[in-house]
Amino acid sequence: MSAIVVNGRPMPIPAGGRVVDLVNALGHAGKRIAVELNGDIVPRGRHHEIALNAGDRIEIVIAVGGG
């Protein structure tokens, strides 16, 4: 297993992991989120095709409604 950094915390990832797998594993599937991979925004439509690699830095921001 390799490791990535998610929101500043190290996290192991299995070989062949993709952004969508990470989003699902963190329980964010279906939520309004923004994903940044190594400084670049990953559009939701590309979550299935972007592979994660050892050393990647991911930031996930969750949109919170309120008023």
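Residues numbered from 1 in each chain as written. Predicted model: local features only at pLDDT ≥ 70, side-chain atom pairs only at ≥ 80, totals over all residues. Heavy atoms only, no water.

A.B. asks: In this structure, what is going on with the environment of Arg9? I would like to understand it.
C.D. replies: Along the chain, Arg9 falls in strand β2 (residues 9-13). On the accessibility criterion, Arg9 (64% relative accessible area) is exposed. The spatial distance from the C-alpha of Arg9 to the C-alpha of His47 is 20 Å, given a sequence separation of 38 residues. (Helix = DSSP H or I, 4+ residues; strand = E, 2+ residues; numbered from the N terminus. Buried < 20%, exposed > 50% of the residue type's maximum accessible area, 1.4 Å probe, protein only.)

A.B. asks: How do you make sense of the side chain of His28 when you look at a structure like this?
C.D. replies: In this fold, His28 is placed in the loop between α1 (19-25) and β3 (33-37). When near neighbours in sequence (up to four residues on either side) are disregarded, His28 contacts Val23, Ile33, Ile60 and Ile62. (Contact = heavy atoms within 4.5 Å.)

A.B. asks: Help me understand the side chain of Asp56, please; the structure alone is not making it clear to me.
C.D. replies: Looking at the element boundaries, Asp56 is found in the loop between β4 (40-42) and β5 (57-62). At 9.4 Å, Arg57 is the nearest oppositely charged side chain to Asp56, a buried residue that forms no salt bridge. Among the polar contacts made by the side chain of Asp56, one reaches the main-chain amide nitrogen of Asn53 at a distance of 2.7 Å. Residues within four places of Asp56 in sequence aside, it is in contact with Ile4, Val5, Leu37, Asn38 and Ala51. (Lys, Arg positive; Asp, Glu negative; His and termini not counted. Salt bridge = Lys/Arg side-chain N within 4 Å of Asp/Glu carboxyl O. Polar contact = N/O pair within 3.5 Å; in protein donor to acceptor, adjacent residues only side chain to side chain.)

A.B. asks: Is there a simple way to explain the nonpolar core in this structure?
C.D. replies: The nonpolar side chains of a soluble globular protein tend to be buried with one another. Formed by 14 residues in total, the largest nonpolar core has its most connected members in Ile4, Leu22, Val35, Leu52, Ile58 and Ile60. Those elements that place two or more of their residues in this core are β1 (2-6), α1, β3 and β5. With residues up to four places along the chain from it excluded, the contact list for Ile60 reads Val6, Asn7, Leu22, Leu26, His28, Ile33, Ala34 and Val35. (Core = buried A, V, L, I, M, F, W, Y, C linked by side-chain atoms within 4.5 Å.)

A.B. asks: Would you take a moment to explain the pairing of β3 for this structure?
C.D. replies: Side-chain direction in a regular strand flips from residue to residue, so the side chains alternate between the two faces of the sheet. Residue alternation in β3 divides its side chains into a buried set, Ile33, Val35 and Leu37, and an unburied set, Ala34 and Glu36. Sheet topology places β3 next to β5; 5 bridges connect them, and they run antiparallel. Among the inter-strand pairings, Val35 is bridged to a residue of β5, identified as Ile60. Alignment of β3 against β4, held across 3 bridges, turns out to be antiparallel. Among the inter-strand pairings, Leu37 is bridged to a residue of β4, identified as Asp40. Counting the residues between successive antiparallel strands, the hairpin from β3 to β4 contains 2 residues, one of them, Asn38, with a positive phi of roughly 50°. (Pairing = 2+ DSSP bridges.)

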